[in-house]
Amino acid sequence: MVSELKPEDVDVLVLPEMAFTGYVFTSKEHIKPYLEDAETGPSVQWAKTQAKRLNAHIVVGFPEKKKKTAVEGDDREPALVYYNSIAFVDPQGHLVTTYAKSFLYYTDENWAEEGPGFKSIEVGFGICMDVNPYQFKAPFAAFEFSSYHVENKSTLLLCSMAWNTGEEAPKKEKPAPKPKKSASESTQGQEDDGEEDWEDDEETEEERAERENHTLMFETIQYWAMRMNPFYTQGKKASEVYIAIANRIGTEGGNLFVGSSCVMKLSNKGPELLGALSANEEG
């Protein structure tokens with residue numbers, strides 16, 4: 001999809017969380033072959049190449065390995081620390097900054113350390129669980145992520161997601177078809193209640209799937225918008241802020257990812273949805 005883009009098509013390209021490696025890892029050993037550093041790793045090198053080609057800023061998620069800060073007087077080789085990170089690359093192909101996920105989801109806790117904290121350089125960065133209450137234990141109304149970015153006057157939020165249902169992905173088996181009524185059965189009782197043959201109103205499997213995907217999309221985006229609440233209560237002079245969210249689709253390791261990638265405008269009038277993909281749509 002990206003190879004089809006031209007330089008005039010895009011100003012900022014945001015890829016999902018851990019876009020090229022996948023997200024579901026069970027241990028440090030499991031993820032070890034896929035860890036990369038922020039300068040020479042394949043995900044970041046890809047972003048640098050594409051940023052120059054497209055003359056655009058690029059955000060890409062990747063599992064980062066980083067040396068701990070050396071302690072004075074300690075001659076030992078600094079240990080490595082693992083982060084769930086994103087890289088932000090400018091149109092000249094320079095790495096502007098990295099951001100390490102601050103709030104870890106259960107899956108992250110299998111291998112990653114918490115990042116040092118939220119980050120804003122007027123552009124603010126977020127990764128998935130960051131927009132939730134810390135460890136799902138903090139008060140819902142604390143709004144840690146959005147409160148931070150209000151205080152630091154971020155005007156653009158770029159968020160890479162591997163947002164999933166938190167449940168095992170549904171099985172792929174098709175439901176057994178319902179038995180058809182005979183002609184005599186389908187006409188019985190119509191004089192009494194005026195009902196038409198129930199088969200006429202029955203959803204096809206494709207229609208049901210489309211309805212469920214749209215419902216999931218709107219529920220997901222509504223939740224993300226709700227978690228941006230501090231942007232809506234700043235008073236009349238508050239500036240408009242934009243948030244771009246890129247989430248993956250499909251399944252991995254029994255996890256169902258819910259897509260719903262979107263762009264919203266956040267202001268004292270509330271959230272405004274400017275564009276979105278459905279829960280099972282790449283684009």
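As shown above, the structure is provided for reference.
Values in this document were obtained by computation on a predicted structure and should not be read as measured data.

Quick notes on the rules
- Residues numbered from 1 in each chain as written.
- Predicted model: local features only at pLDDT ≥ 70, side-chain atom pairs only at ≥ 80, totals over all residues.
- Heavy atoms only, no water.
- Helix = DSSP H or I, 4+ residues; strand = E, 2+ residues; numbered from the N terminus.
- Buried < 20%, exposed > 50% of the residue type's maximum accessible area, 1.4 Å probe, protein only.
- Areas by Shrake-Rupley, 256 points an atom, 1.4 Å probe, with all protein chains shown as cover.
- Phe/Tyr/Trp six-rings, centres within 6.5 Å; stacked < 30°, edge-to-face > 60°.
- Lys NZ or Arg CZ within 6 Å of the ring centre and 35° of its normal.
- Patch = residues over 30% accessible without salt bridge, like charges linked within 9 Å, V, L, I, M, F, W, Y side chains within 5 Å.
- Salt bridge = Lys/Arg side-chain N within 4 Å of Asp/Glu carboxyl O.
- Disulfide = S-S within 2.5 Å.
- Lys, Arg positive; Asp, Glu negative; His and termini not counted.
- Charge placed at Lys NZ, Arg CZ, Asp CG, Glu CD.
- Expected span 1.5 Å × (residues − 1).
- Contact = heavy atoms within 4.5 Å.
- Pairing = 2+ DSSP bridges.
- Axes fitted to C-alpha atoms, helices over the stretch in contact; angles between N-to-C directions.
- 1 Å grid on protein atoms, 1.4 Å probe; cavity = no way out; pocket = protein on both sides within 12 Å on 5 of 7 lines; lining within 4 Å.
- Points joined across faces, edges and corners; volume = space filled by probe spheres on them.

## Some points on the overall build of the protein
No. 1: Tallying secondary structure elements over the protein gives six helices and 13 strands in all.
No. 2: Burial status across the protein gives 43% buried among its 283 residues.
No. 3: Accessible surface, the protein: about 16100 Å² in total, of which carbon and sulfur atoms supply 50%.

## Observations concerning the packing of aromatic side chains
Between two aromatic rings, the relevant description is the distance of the centres plus the angle of the planes.
No. 1: Inspection of the entire model under this criterion finds 15 aromatic pairs.
No. 2: Relative to Phe 136, the ring of Tyr 105 has its centre 6.4 Å away and its plane inclined at 85°; by these criteria the two rings are edge-to-face. Taken together, the positions of Tyr 105 in the loop between strand E4 (95-100) and strand E5 (119-121) and Phe 136 in the loop between strand E6 (123-127) and helix H3 (144-151) put the pair 31 residues apart, joining distant regions of the chain.
No. 3: Chaining the aromatic ring pairs together yields one cluster made of Phe 103, Phe 118, Tyr 134, Phe 145 and Tyr 148.
No. 4: In this arrangement the basic side chain of Arg 227 is found over the ring face of Phe 140, its NZ or CZ atom lying 4.5 Å from the centre.
No. 5: Over the ring of Phe 257 we find Arg 248; its NZ or CZ atom is 4.0 Å from the centre of that ring.

## Points about a nonpolar patch on the surface
No. 1: A cluster of nonpolar side chains, contributed by Tyr 242, Val 263 and Leu 274, occupies part of the molecular surface with about 230 Å² of accessible area.
No. 2: Inspection of the secondary structure assignment puts Leu 274 in strand E13 (residues 270-276).

## Observations concerning the state of the cysteines
Cysteine pairs can be covalently joined through their sulfur atoms, and such a bond is termed a disulfide.
No. 1: Scanning the model with the defined rule gives zero disulfides in all.
No. 2: Lacking any disulfide linkage, Cys 128 is separated from the closest cysteine sulfur, that of Cys 159, by 9.5 Å.
No. 3: Here Cys 159 is not cross-linked by a disulfide; its sulfur's nearest cysteine counterpart is in Cys 262, at 9.2 Å.

## Let's talk about a negative patch on the surface
No. 1: There is a patch of like negative charges on the surface, built from Glu 205, Glu 206, Glu 207 and Glu 210.
No. 2: With respect to the secondary-structure elements, Glu 210 resides in helix H6 (residues 205-226).

## Observations concerning helix H2 (residues 42-54)
No. 1: Over its 13 residues, H2 extends 18 Å from the first C-alpha to the last, a length consistent with the 18 Å expected when each residue adds 1.5 Å.
No. 2: Contact partners of the buried residues in H2: strand E1 (12-14), strand E2 (57-67), strand E3 (80-89) and E4.
No. 3: Of the residues flanking the end of H2, it is Asn 55, one or two places downstream, whose phi is positive at about 55°.

## Some remarks on the pairing of strand E10 (residues 249-252)
No. 1: Two strands pair when backbone bridges link them, and E10 and strand E11 (residues 255-258) are joined in this way by four bridges, in the antiparallel orientation. Bridging across to E11, Glu 252 finds its partner in Asn 255.
No. 2: In this antiparallel pair of consecutive strands, E10 and E11, the connection spans two residues, and Gly 253 shows a positive phi of 55°.

## A look at the sheet that holds E4
Hydrogen bonds between backbone atoms are what pair the strands of a sheet, whose relative direction is either parallel or antiparallel.
No. 1: The strand order across the open sheet formed by four strands is E1-E2-E3-E4, and the pairing between neighbours is mixed. The strands lining the two open edges of the sheet, one partner per strand, are E1 and E4. On average, each strand axis in the sheet is tilted by 40° relative to the strand beside it, whichever way the strands run.
No. 2: Alignment of E3 against E4, held across five bridges, turns out to be antiparallel. In the strand pairing of E4, Ile 86 is matched with Tyr 99.

## Considering the layout of surface pockets
No. 1: Taken as a whole, the largest pocket holds about 920 Å³ of empty space.
No. 2: Around the largest pocket, the lining comprises 30 residues; the ones closest to its centre are Met 1, Val 14, Pro 16, Ala 246 and Gly 283.
No. 3: Breaking the lining of the largest pocket down by element, the ones donating at least two residues are E1, strand E9 (241-247), strand E12 (262-267) and E13.
No. 4: When residues in the lining of the largest pocket are grouped by element, the largest group, four residues, is from E9.

## Overview of the sheet that holds strand E8 (residues 164-168)
No. 1: Taken together, the three strands give an open sheet; going across it, the order is E8-E11-E10, and neighbouring strands pair in antiparallel fashion. Each edge of the open sheet is held by one strand with a lone partner, namely E8 and E10. Across the sheet, the mean angle separating the axes of adjacent strands is 20° when strand polarity is ignored.
No. 2: Bridge count for E8 against E11 is two bridges, and the pairing is antiparallel. Bridge assignment links Asn 164 to a residue of E11, and that residue is Phe 257.

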